[in-house]
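Structure assessment
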Amino acid sequence: MIVSGDVQGVGFRWYCREQAMRHRVGGYVRNLPDGRVEAAFEGEPAAVDAMVEWCRNGPRWARVDHVEVVEEPPVAEEAFDIDR
């Protein structure tokens, strides 16, 4: 998924990792050069859905303007990384 808005420099990646660990999903989150954030989640469908919903708001210091969700085939991610 791609998250647009004021999402860099506000702890988005670190809070996203915390949420991912809470929901036991694998994947990654990273900043993009254009100011957006890219994230991928893999795990139980309800947990992935919860992560997508969390990204629609992000941490309280973020301002999320748009979220683009693209489904991809799973790649057996178990860990969750920042800045892959």
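Scope of this entry: the structure provided in the associated data block.

**Details of the pattern of salt bridges**
One pass over the full model with this rule turns up 6 salt bridges. The partner of Asp-83 in a salt bridge is Arg-13, with the nearest N and O atoms 2.3 Å apart. Of this pair, Asp-83 sits in the segment after strand 5 (80-82) while Arg-13 sits in helix 1 (residues 12-23), and the two are 70 residues apart along the sequence. Look at Arg-13 and you get buried, because its relative accessible area is 16%. A salt bridge links Glu-18 to Arg-22, with the shortest nitrogen-to-oxygen separation between them at 3.9 Å. One end of the pair is Glu-18 and the other is Arg-22, both in helix 1 and 4 residues apart, which spans about a single turn. By relative accessible area, Glu-18 is classed as partly exposed at 40%.

**Here's the deal with the environment of Pro-74**
Looking at the element boundaries, Pro-74 is found in the loop between strand 4 (63-68) and strand 5. Sequence-wise, Pro-74 and Ala-40 are 34 residues apart; in three dimensions their C-alpha atoms are separated by 9.9 Å.

**Things to note about the packing of helix 1 against helix 2 (residues 45-55)**
In helix packing, the relevant descriptors are the interaxial angle and the interaxial distance, both defined with respect to the helix axes. The N-to-C vectors of helix 1 and helix 2 enclose an angle of 155°; their axes lie 10 Å apart at closest approach. It follows that helix 1 is roughly antiparallel to helix 2 by the angle criterion. The two elements helix 1 and helix 2 cross, and the hand of that crossing is right-handed. Only Ala-47, Ala-50, Met-51, Trp-54 and Cys-55 of helix 2 make contact with helix 1, whose side of the interface consists of Phe-12, Tyr-15, Cys-16, Gln-19, Ala-20 and His-23. For the contact of helix 1 with helix 2, the per-class residue count stands at 9 nonpolar, 2 polar and no charged.

**Notes on helix 1**
When the terminal C-alpha atoms of helix 1 are compared, their 16 Å separation across 12 residues agrees well with the 16 Å that a helix rising 1.5 Å per residue should span. Buried residues in helix 1 make contact with strand 1 (2-6), strand 2 (26-31), strand 3 (37-42), helix 2, strand 4 and strand 5. Just past helix 1, the residue Arg-24 takes up positive phi, approximately 60°.

Analysis parameters
Residues numbered from 1 in each chain as written. Predicted model: local features only at pLDDT ≥ 70, side-chain atom pairs only at ≥ 80, totals over all residues. Heavy atoms only, no water. Salt bridge = Lys/Arg side-chain N within 4 Å of Asp/Glu carboxyl O. Helix = DSSP H or I, 4+ residues; strand = E, 2+ residues; numbered from the N terminus. Buried < 20%, exposed > 50% of the residue type's maximum accessible area, 1.4 Å probe, protein only. Axes fitted to C-alpha atoms, helices over the stretch in contact; angles between N-to-C directions. Parallel < 35°, antiparallel > 145°, perpendicular 65-115°, else oblique. Left-handed = near helix turned anticlockwise from the far one by under 90°. Contact = heavy atoms within 4.5 Å. Nonpolar A, V, L, I, M, F, W, Y, C, P; charged D, E, K, R; others polar. Expected span 1.5 Å × (residues − 1).

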